[in-house]
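# Summary of structural features
One-letter residues, chain by chain:
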Amino acid sequence: MLADPDGFPPSDDPFEFPPRGDPLEFPPRSSRGPSTLLADLTKPQLDAVTTTEGPVLVLAGAGSGKTRVITRRAAHLAATVTQPWHVLAITFTNKAAEEMAQRIDGLGVGAGMTVCTYHSLCVRILRRHHAAAGLDPRFTIMDQSDRRKLVKEAMDRCELSTANFSPASIDAAISLAKNMMQNAEAFAEQADRFDNKAAARVYAAYEQLLAEQNALDFDDLLMRTAILLDGNAEVRAQLSDRYRYVLIDEYQDTNVAQYRIARLLTESHRNLFVTGDPDQSIYGWRGADIGNILSFEKDYPDAKVVRLEQNYRSTKRILSAADALVSANVLRKEKSLWTENDAGDPVRVVACEDNRDEAETVAREIAERIAAGRSPSDFAVFYRINALSRSFEEAMMNAGVPYRIARGLAFYDRKEIKDVLAYLRVMVNPRDMVSLERIINTPTRGIGDTTIEKLKAHAAHNGRTLFDAVRDRGGVRLPKRSAEAVDAFAELMEGLSRHADSRPRTALETTLSLSGLNASLLQQADGTNEPLENVNELLNAAAEYQRDHPEATLLDWLSHTSLLGDSDVVDGPAGAVMLMTLHAAKGLEFPSVYIVGVEKGLLPFERMGEHPVDVEEERRLFFVGITRTMRELTLTLTRRRMRQGAFLPAMRSPFLDELPGDELEWTDRGSGGARRPYAPVGETPDDFDCWGVGSLVRHPDFGVGQIVGLRRGARQSTVEVEFPDRGVRSYVVEFSDLERVDFDEVD
DNA sequence: CTACCGGATTTTTTT
DNA sequence: AATCCGGTAG
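Here's a quick rundown of the structure. (Residues numbered from 1 in each chain as written. Chains lettered and ligands numbered in written order. Predicted model: local features only at pLDDT ≥ 70, side-chain atom pairs only at ≥ 80, totals over all residues. Heavy atoms only, no water.)

## As for the overall build of chain A
Tallying secondary structure elements over chain A gives 29 helices and 24 strands in all. Buried residues in chain A amount to 54% of all 747 residues. Relative to all contacts within chain A whose residues are 6 or more apart in sequence, the contacts with residues 24 or more apart total 76%. Surface summary for chain A: the accessible area is close to 32,400 Å², and the carbon and sulfur share equals 50%. (Helix = DSSP H or I, 4+ residues; strand = E, 2+ residues; numbered from the N terminus. Buried < 20%, exposed > 50% of the residue type's maximum accessible area, 1.4 Å probe, protein only. Contact = heavy atoms within 4.5 Å. Areas by Shrake-Rupley, 256 points an atom, 1.4 Å probe, with all protein chains shown as cover.)

## Points about the packing of aromatic side chains
Overall, the coordinates contain seven aromatic pairs when judged by the stated rule. Geometrically, the ring pair formed by Y283 and W285 is tilted, given 5.6 Å between the ring centres and 50° between the ring planes. By relative accessible area, which is 13% here, Y283 ends up buried. We classify W285 as exposed; its relative accessible area is 54%. Their ring planes at 65° and their centres at 6.1 Å tell us that F382 and F590 sit as a pair that is edge-to-face. Residue F382 is located in strand β12 (residues 379-383), and its partner F590 is located in strand β16 (residues 590-595); the two are separated by 208 residues in the primary sequence. Among the aromatic residues, those joined into a ring-pair cluster are Y251, F296 and Y300. Sitting above the plane of the Y300 ring, R263 keeps its charged end 5.1 Å from the centroid. One Lys or Arg, R286, reaches over the ring of Y283 and ends 4.7 Å from the middle of that ring. (Phe/Tyr/Trp six-rings, centres within 6.5 Å; stacked < 30°, edge-to-face > 60°. Lys NZ or Arg CZ within 6 Å of the ring centre and 35° of its normal.)

## Some remarks on the protein's contact with DNA strand B
Lining the immediate environment of DNA strand B, one finds 31 residues, of which Q144, R384, T450, T451 and R607 sit closest. One of the backbone N or O atoms of G448 is found 3.0 Å from a phosphate oxygen in DNA strand B. Take T581: an N or O atom from its side chain is 2.9 Å from a phosphate oxygen of DNA strand B. Looking at the surface near DNA strand B, the elements that each hand over two or more residues are α8 (167-179) and α21 (449-462). (Near = heavy atom within 4 Å. Polar contact = N/O pair within 3.5 Å; in protein donor to acceptor, adjacent residues only side chain to side chain.)

## Details of the pattern of salt bridges
If you walk through the whole model with that rule in mind, you get 55 salt bridges. Residue D47 pairs with K304 through a salt bridge whose shortest N-O separation is 3.7 Å. Of this pair, D47 sits in helix α2 (residues 43-50) while K304 sits in strand β8 (residues 304-308), and the two are 257 residues apart along the sequence. When its relative accessible area of 22% is taken as the criterion, D47 is described as partly exposed. Notably, a salt bridge pairs D219 with R147, separated by 2.9 Å at the nearest N-O pair. Of this pair, D219 sits in helix α11 (residues 218-231) while R147 sits in helix α7 (residues 144-157); the two residues are 72 residues apart in sequence, bridging distant segments of the chain. Among the residues examined, R147 registers a relative accessible area of 5% and is labelled buried. In this structure, a network of salt bridges that share partners links the residues R147, R148, D171, K178, E207, D217, D219 and D220. (Salt bridge = Lys/Arg side-chain N within 4 Å of Asp/Glu carboxyl O.)

## Focus on the pairing of strand β15 (residues 577-581)
Where burial is concerned, most of β15 is hidden: five out of the five residues are buried. Examined bridge by bridge, β12 and β15 share four bridges and lie parallel to one another. Of the residues in β15, the one forming a bridge with F382 is M580. As judged from the three bridges shared by strand β13 (residues 403-406) and β15, these two strands associate in the parallel manner. Across the sheet, R404 pairs through a bridge with M578, a residue of β15. (Pairing = 2+ DSSP bridges.)

## Digging into the environment of D249
Counting through the fold element by element, D249 comes out in the loop between β6 (245-248) and α13 (256-266). Non-local contacts of D249, meaning those with residues more than four positions away in its chain, are made with K66, I70, I90, F92, M100 and T275. Here T275 takes part through its side chain, which lies 2.9 Å from a polar atom of the side chain of D249.

## Re the state of the cysteines
Evaluated as defined, the whole model comprises zero disulfides. Free of any disulfide, C122 has its nearest neighbouring cysteine sulfur in C116, separated by 8.5 Å. Classification of C122 as buried rests on a relative accessible area of 0%. (Disulfide = S-S within 2.5 Å.)

## Side note on helix α26 (residues 530-548)
Helical geometry: 3.6 residues make up each α-helical turn, so side chains three or four residues apart lie on a common side. Here α26 spans 27 Å end to end across 19 residues, near enough to the 27 Å set by a 1.5 Å rise per residue. Here α26 has its buried residues at L532, N534, V535, L538, L539, A542, Y545 and Q546. Summarising the axial view, the buried residues of α26 lie within an arc of 160°, below the 170-degree limit, and thus occupy one face. Along its buried surface, α26 packs onto α19 (415-428), α24 (504-515), α25 (517-523) and α27 (554-563). (Expected span 1.5 Å × (residues − 1). Arc of directions from axis to C-beta.)

## Digging into the packing of α19 against α27
Contact pair α19 / α27: the axes reach a minimum separation of 10 Å and the direction vectors enclose 130°. Looking at the two axes, α19 sits oblique to α27. At the point where α19 passes α27, the crossing takes the left-handed sense. Seen from α19, the contacting residues are L421, L424, R425, M427 and V428; seen from α27, they are L554, L555, W557, L558 and T561. Partitioned by chemical class, the residues of the contact of α19 with α27 number eight nonpolar, one polar and one charged. (Axes fitted to C-alpha atoms, helices over the stretch in contact; angles between N-to-C directions. Parallel < 35°, antiparallel > 145°, perpendicular 65-115°, else oblique. Left-handed = near helix turned anticlockwise from the far one by under 90°. Nonpolar A, V, L, I, M, F, W, Y, C, P; charged D, E, K, R; others polar.)

## Quick notes on the packing of α19 against helix α23 (residues 480-497)
Where α19 contacts α23, the two axes come as close as 9 Å, and the packing angle between them is 75°. In this view, α19 runs roughly perpendicular relative to α23, as classed from their interaxial angle. The segment α19 lies against α23, with Y423, V426 and M427 engaging L492, M493, L496 and S497.

## Some thoughts on the sheet that holds strand β7 (residues 272-276)
With respect to topology, six strands assemble into an open sheet ordered β3-β2-β6-β7-β1-β8, the strand pairing being parallel. Either end of the sheet is taken by a strand with one partner, and the two such strands are β3 (114-117) and β8. Each neighbouring strand pair of the sheet contributes to a mean axis angle of 15°, computed without reference to strand direction. Across four bridges, the pairing between strand β1 (residues 56-60) and β7 is parallel. When the bridges of β7 are listed, L57 appears paired with V274. Contacting β1, β7 and β8, α2 crosses the sheet at an angle of about 145° to β8. Contacting β2 (87-91), β3 and β6, helix α5 (residues 118-128) crosses the sheet at an angle of about 105° to β3.

## Quick look at the side chain of Q280
Relative to the helices and strands, Q280 resides in the loop between β7 and α14 (291-294). You can call Q280 buried: its relative accessible area is 7%. Not counting residues within four places of it along the chain, the set of residues in contact with Q280 comprises A60, G61, A62, Q252, D253, K586, R620, F623, V624 and R628.

## Digging into helix α18 (residues 389-399)
Listed in full, the buried residues belonging to α18 are S389, S391, F392, A395 and M396. Along the axis of α18, the buried residues cluster in a sector spanning 160°; they form a single face. Opposite the buried face of α18, by more than 90 degrees, sit the exposed residues R390, M397 and N398. Looking one or two residues past α18, G400 carries a phi angle of roughly 70°, positive in sign.

The values are spatial; any link to function lies outside them.
Laid out in structure tokens, this is it:
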């Protein structure tokens, strides 16, 4: 059986050792001998694979065959050094875990090995050792949007107005604290400024809310596991005996909690193998500490260090562009990537009129190449933010290009999906108040806000849960209609809870029909009933899951769905053009890559008035995108871009100026014939050739005018335009219908 | 209690 | 642009 990236094969309880029966009965050893596993490796790769004992650090440049090293090493360990179930490989994304498991399985030795993400490992550990961790094993895992709701509620409880503090920023502060293993108390102690102190109060209230409903958020999974391992020698010993060889990919992305887990897990045997590339550290905003990989050699002075610097993926020119870019980083460990591949074509830079033009240009070009015989799956489009995907989806569809998108509308974020899952979550964990509130009147059954508030107040007053109040509403004064509605709902949940131990698919089907969700979905039979299709897709997912995991419980499946990341759910056919964020692109490679929206404020991403993002990290992100490319790299940018409903003038990214000029080939797409090349742009608006003083614009009513004044505000820019017969008028650039006009377009 | 309308508000990145 | 929130009419 394949090493399971998400749940242990249920027939193979991970913590019972040996997993099943006599080890001799365990699936046959590798059909390929050790010699095959080690064949065709370069000297450094071979070192990394065969240094099986003690700490090993592999500094692996982009495209240097890192995945190959890890998979071979895992296979080698399982085949000749130890038993497969003693090998644990940890990745950051489900996608990476799945791919790694598959590749190891392809080598014929996957059986019994654990290949999973940090988060799913933690869920298993916490469920299994719930008593030691002080948890109820049926805990709910809160996703991003549930979590945001709870933060808001916590702010309410603290009587903190959302006018002065945004839930998003407080949420981020709490998350960062947790990733640094700082609990509410510790956070409060070091809070110096008034906003930190406010956040500290919310943190405490938020923790209270989580505890009340027996829920953990993503960060808790890591933090609690680290605390458990730290404080409980017995659990630690048990786990390190089970996992005698630990491999961690993308080590540059580990945060404090993850670092602690890795360290504690391997403390006794020190068989810790990590790979990573400091130049590809792009998760600092989530608490990842690049220092973890930089100081590995200090942590483990006896560590074997292997450098993989030969790139097998890209052309010389792409590599040189990537290298020039990342060399601009000051905080960097010098590294030289080289390749024996061809020089290849120059990197193309295409300046477009607006985002629509940009998307159509890319789609048209890809369509042409597919028509000329290229495979759609050769192509990928990367963007900094998901919001940019829309234009490209549209353009691809119009051009008849098959595409897949990582996180179109995140599947598990859709209302109908969240609704059904909320029922299941309440069935498993009745204390889950977020889910309960979600379903109590979905579909509408006559339980309004007033009634819910009364029930909540009653629950709070008696120190009971909301579910208790629903079940036994004695003492809550309600109008007859409402009372009946609540009773009916209580009865419904009573009936459903009997199915909490059903298999996932059965539970799902029962819930859909008994809850009335199915009926209400069927009712909206207008044309293509997308919600219904989505729910059917969910049924398929459940069926597939229980086929792959015959003994999985409803709880297991719910954990699985909570941990599925946005970029793991891919929409669209196989063999299609891939659309994804730069972050999601890490670890992949494509013959032809388009990185779009290479603009100031977008590629080094900035937000007005917020503390600036880490420019070096943004540069690394661009570096990651560039190094995904095997042969053809195209960068695109626009003159103006529609953002949040309004056109904004766009400027080129300063990163473009850091690329070696002689490796680039510029194209400027102008709608009106002759066009100056996209001008370099600096800080001030006057440098911007489209919206500078003196340039021409066209107004739908007043015709062509000349810009005579320009004011750049924090939130909006205003221009003063002089029209031949209307005098001077002011416009807010973002909201006006002004169009840029070239000098050569008018007489 | 529900449905609807209009105003306000959107943190980028992911587990 | 798209979603969410609050207020109001039915």
